[in-house]
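Fold and geometry: a report
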Amino acid sequence: MRIAIIGSGYVGLVAGTCFADSGNDVACVDIDERKIRMLQDGQVPIYEPGLEELIRKNVKEKRLTFTTNLAEGVANAQAVFIAVGTPEGESGEADLQYVIAAAQAVGRAIKQYTVVVDKSTVPVGTADKVREAIAKVTSVEFDVVSNPEFLKEGAALDDFFKPDRVVIGADTERARNIMGELYAPFVRTENPILFMDTRSAELTKYAANAMLATRISFMNDVSALCEKVGADVDFVRKGLGADKRIGYPFLFPGVGYGGSCFPKDVKALVTTAREYGLELDLLRAVERTNERQKKLLVNKAVKHYGTLEGKKFGVWGLAFKPKTDDMREAPSIEVIEGLIGKGAQVIAHDPVASHAAKRVFGDRIRYAELPYDALEGVDGLFVVTEWNEFRHPDFARMKSLMKSPVVFDGRNVFQPARMREQGFTYFGIGRR
Ligand code: NAD
């Protein structure tokens, strides 16, 4: 099948590459000339494990192309995916300007019946708006389908090739058939394609992210209580997750959720509900807990040192989670801003996100090439992202480099007892 993907970011690039890998002819479109030029030159603008190799293979086999010319990419495509950003608007709503602009451009470019697919995370009712925007500029037949994406950055290829489920909101048989055919190669292991109406599909995506964010904030509340009552959240987490009705995923306490999805999607869902006269109190509490959690490490540091003025800290981990270079709403931002705002100096290391972090912090902090380079002469270390390579460091080497061996472990990657044995002053989240 011939496909066009509008928006070649984390979602568009992964979807386009995976569709190409299953034999389709895919054009990835973006308005960002720098991004497209990089892709045409064989470079990948984002870090996602395995993506570079898969792009290279599909480009070589001539199934995957990159262009800034939307009309050229869309011409003759049977399905066009809109995968542009939907950032947070001024009052918490999802900003749909990029989706609508893309829809209008697609409308002007289609030449025969086309399925236009909303891949971006968009509020309930957006498929109708996209339909209207296209209908205004073309008389060609088309259908609008909602097909939200559930991939996780860091494991995006695996998630796309083997999704737990594919959600497709489509109102016509013709569109359902095309979508079913496209996704057939990815659901051979009995994972379902769930067909539904567009509004239900749109809401499914927000409800899924809101549920996951709720689990995280719930555990962060439990961890706060653990600290008060002298319990250890790691035992509590294991005891909870063993219950099959609850399960283990997303029960890790930490420095709060971040990233390009949970914060904005929880806000957008609260805002949508409010537009319909419904106050989602539970989700507002989820957000409040998250805000508190992002400040927790700095508060612990202030309590420990008295003042942070003139102190120097190492930070391990900048990306909002491991295996990505995505810095959007990363908890490291709140932590580092908190530290430098209180007069401390920061030297940070991240295996892949330093270049993205430079756009956030510029030269207000220093960047270390290697983890140990971020420890020289520091008054303490903050672990903010649980990259695997931070889990088993050489503690003796750490101690010899640090001015004072104090660790604020925002992801509970180290064992408190072991840290104390090694002579560290250790602060975790919700641990004894
Ligand atoms: P992104 O910012 O990485 O990429 C969006 C791309 O769209 C950018 O490269 C931008 O230049 C391009 N663009 C904007 N307007 C355009 C236009 N008119 N024509 C062509 N290109 C245009 O965003 P992302 O992280 O890939 O997210 C895209 C959508 O998918 C969002 O709605 C997001 O909520 C959703 N989503 C993201 C993830 C994730 O993990 N990142 C997961 C699931 C869903």
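Residues numbered from 1 in each chain as written. Predicted model: local features only at pLDDT ≥ 70, side-chain atom pairs only at ≥ 80, totals over all residues. Heavy atoms only, no water.

Operational definition: UniProt positions are given in the numbering used here, feature names are shortened, and annotations may be inferred rather than shown by experiment.
The name an unreviewed UniProt entry assigns to the protein chain is UDP-glucose 6-dehydrogenase, from the organism Corallococcus praedator. Word for word, the UniProt comment on the protein chain under Pathway (unreviewed entry) is "Nucleotide-sugar biosynthesis; UDP-alpha-D-glucuronate biosynthesis; UDP-alpha-D-glucuronate from UDP-alpha-D-glucose: step 1/1." Among the UniProt annotations of the protein chain, the heading Catalytic activity (unreviewed entry) holds the following wording: "UDP-alpha-D-glucose + 2 NAD(+) + H2O = UDP-alpha-D-glucuronate + 2 NADH + 3 H(+)".

1. Looking at the overall build of the protein chain
Quick note on the threshold: Numbering of helices and strands starts at the N terminus; helices are DSSP runs of H or I of at least 4 residues and strands are runs of E of at least 2. Radius of gyration: C-alpha atoms only; globule rule: 2.2 Å multiplied by the number of residues to the exponent 0.38. Buried residues are those whose accessible area, probed at 1.4 Å on protein chains only, stays under 20% of the maximum for their type, while exposed residues exceed 50% and partly exposed ones sit between those limits. Residue contacts follow a heavy-atom distance rule, with two residues in contact if any of their heavy atoms lie within 4.5 Å. For the accessible areas, the method is Shrake-Rupley and the probe is 1.4 Å, while residue cover comes only from the protein chains on display. Under the counting rule used here, the positive set is Lys and Arg, the negative set is Asp and Glu, and His together with the chain ends is not counted. To locate a charge, take NZ of a lysine, CZ of an arginine, CG of an aspartate or CD of a glutamate.
Looking only at helices and strands, the protein chain has 16 helices and 14 strands in total. Relative to a compact globule of 432 residues, whose C-alpha radius of gyration would be 22 Å, the protein chain shows 23 Å and is just as compact. Taken over the C-alpha atoms alone, the protein chain extends approximately 70 × 50 × 40 Å along its principal axes. Going through the 432 residues of the protein chain one by one, you find that 55% of them count as buried. A sequence separation of at least 24 residues applies to 73% of the contacts in the protein chain between residues at least 6 apart. In the structure as shown, the protein chain presents an accessible area of about 19,300 Å², 52% of it carried by carbon and sulfur atoms. Side chains of the protein chain give 58 positive and 59 negative charges; the mean places of these two sets differ by 4 Å.

2. Focus on the layout of surface pockets
Gaps left between atoms are located by rolling a probe of water-molecule size over the structure's atoms. Using the following cut-off: Of the grid points, spaced at 1 Å and generated over the protein atoms alone, those admitting a 1.4 Å probe that cannot get out make up cavities, while open sets with protein on both sides within 12 Å along at least five of seven lines make up pockets; any residue with an atom within 4 Å of a point is treated as lining. Grid points are joined across faces, edges and corners, and a volume is the space filled by probe spheres set on the points. Amino acid classes used here: Ala, Val, Leu, Ile, Met, Phe, Trp, Tyr, Cys and Pro are nonpolar; Asp, Glu, Lys and Arg are charged; the rest, including Gly, are polar.
For the second largest pocket, the calculated volume is near 340 Å³. Every residue lining the second largest pocket is counted, 15 residues in all, and those nearest its centre are Ala 224, Glu 227, Leu 296, Lys 300 and Lys 303. The set of elements that each furnish at least two residues to the lining of the second largest pocket consists of helix H9 (198–229), helix H12 (281–305) and strand E14 (425–427). With five residues, the single largest contributor to the lining of the second largest pocket is H12. Of the residues in the lining of the second largest pocket, the class split is five nonpolar, four polar and six charged.

3. Things to note about empty space enclosed by the protein
A complete count under the given rule lists one cavity of 30 Å³ or more for this structure. Tyr 257, Pro 263, Lys 267, Glu 287, Asn 290, Glu 291, Lys 294 and Glu 329 together form the lining of the largest cavity. Put simply, the parts of the chain that give the lining of the largest cavity at least two residues each are helix H11 (262–275) and H12. Here the element with the most residues in the lining of the largest cavity is H12; it accounts for four residues. By residue class, the composition of the lining of the largest cavity is two nonpolar, one polar and five charged.

4. Quick notes on the sheet that holds strand E9 (residues 312–316)
We count it as follows: Strand pairing requires that DSSP identify at least two bridges connecting the strands.
Spatial strand order, E11-E10-E9-E12-E13-E14: six strands in an open sheet with parallel pairing. Every interior strand has two partners, whereas the edge strands, strand E11 (366–367) and E14, have only one. One ladder, built from three bridges, connects strand E12 (residues 380–383) with strand E13 (residues 406–409); its direction is parallel. Paired with Val 383 across the strands is Asp 409, a residue of E13.

5. A closer look at the nonpolar core
Definition in use: Definition used in this section: a nonpolar core is a set of buried Ala, Val, Leu, Ile, Met, Phe, Trp, Tyr and Cys residues joined via side-chain atoms within 4.5 Å.
In terms of nonpolar packing, the biggest core is built from 41 residues, with Phe 19, Phe 81, Phe 160 and Tyr 183 touching the most fellow members. Broken down by element, this core gets its largest block of residues, seven residues, from helix H1 (residues 10–21). The residues touching Phe 81, leaving out its near neighbours within four places in the chain, are Ile 3, Ala 4, Ile 5, Ile 6, Phe 19, Val 117, Lys 119, Asn 147, Met 179, Leu 182 and Tyr 183. With 31 residues, the next largest nonpolar core counts Val 255, Val 335, Val 384 and Ile 429 among its residues.

6. Examining the site of the ligand
Under the convention used in this document: Think of it this way: one heavy atom of a residue within 4 Å of a molecule or strand is enough to make that residue near it. Each polar contact in these results corresponds to two N or O atoms within 3.5 Å; when the atoms are within protein, one needs to be able to donate a hydrogen and the other to accept it, and residues that are neighboring in sequence are counted only if both atoms are side-chain atoms.
Residues in close proximity to the ligand total 23 residues, the closest being Asp 30, Lys 35, Thr 86, Glu 153 and Lys 264. One nitrogen or oxygen atom from the main chain of Thr 121 is found 2.9 Å from an oxygen atom belonging to the ligand. In the environment of the ligand, an oxygen atom lies 2.8 Å from a nitrogen or oxygen atom belonging to the side chain of Arg 328. In the complex, the protein chains occlude 89% of the 840 Å² of accessible area that the ligand would expose alone. Of the residues assigned to the shell around the ligand, the class counts are eight nonpolar, seven polar and eight charged.

7. Section: H12
Under the convention used in this document: A helix's residues, less one, multiplied by 1.5 Å, set its expected span. Fitting axes to the seven residues ending at a residue and to the seven starting there, one defines the bend at that residue as the angle between these axes.
Between its first and last C-alpha, H12 extends 36 Å over 25 residues, near the 36 Å set by a 1.5 Å rise per residue. The largest bend in H12 comes to about 40°, at Leu 296. Just beyond H12, the residue with positive phi is Gly 306, at close to 85°.

8. Some details on the environment of Val 99
Locating Val 99 in the fold gives a position in helix H5 (residues 97–109). On the accessibility criterion, Val 99 (0% relative accessible area) is buried. Ignoring sequence-local partners within four residues, the contact set of Val 99 consists of Ile 82, Val 84, Gly 85, Thr 86, Ser 120, Val 122, Thr 126 and Val 130.

9. Overview of the packing of H9 against helix H10 (residues 233–241)
As a reminder of what qualifies: A fitted line through C-alpha atoms serves as each axis, taken over the contacting stretch for helices, and the angle formed by two N-to-C directions is quoted from 0 to 180°. When describing relative orientation, an angle under 35 degrees is termed roughly parallel and one over 145 degrees roughly antiparallel, while 65 to 115 degrees is termed roughly perpendicular and anything else oblique. When the near helix sits turned anticlockwise from the far one by under a right angle, the crossing is termed left-handed; a clockwise turn instead gives a right-handed crossing.
Between H9 and H10, whose axes approach to 9 Å, the crossing angle comes to 135°. By the criterion of interaxial angle, the relationship of H9 to H10 is oblique. As H9 runs across H10, the sense of the crossing is right-handed. Touching Phe 218, Met 219, Val 222, Ser 223 and Cys 226 of H9 are Val 233, Val 236, Arg 237 and Leu 240, all from H10. For the contact of H9 with H10, the class distribution of residues is seven nonpolar, one polar and one charged.

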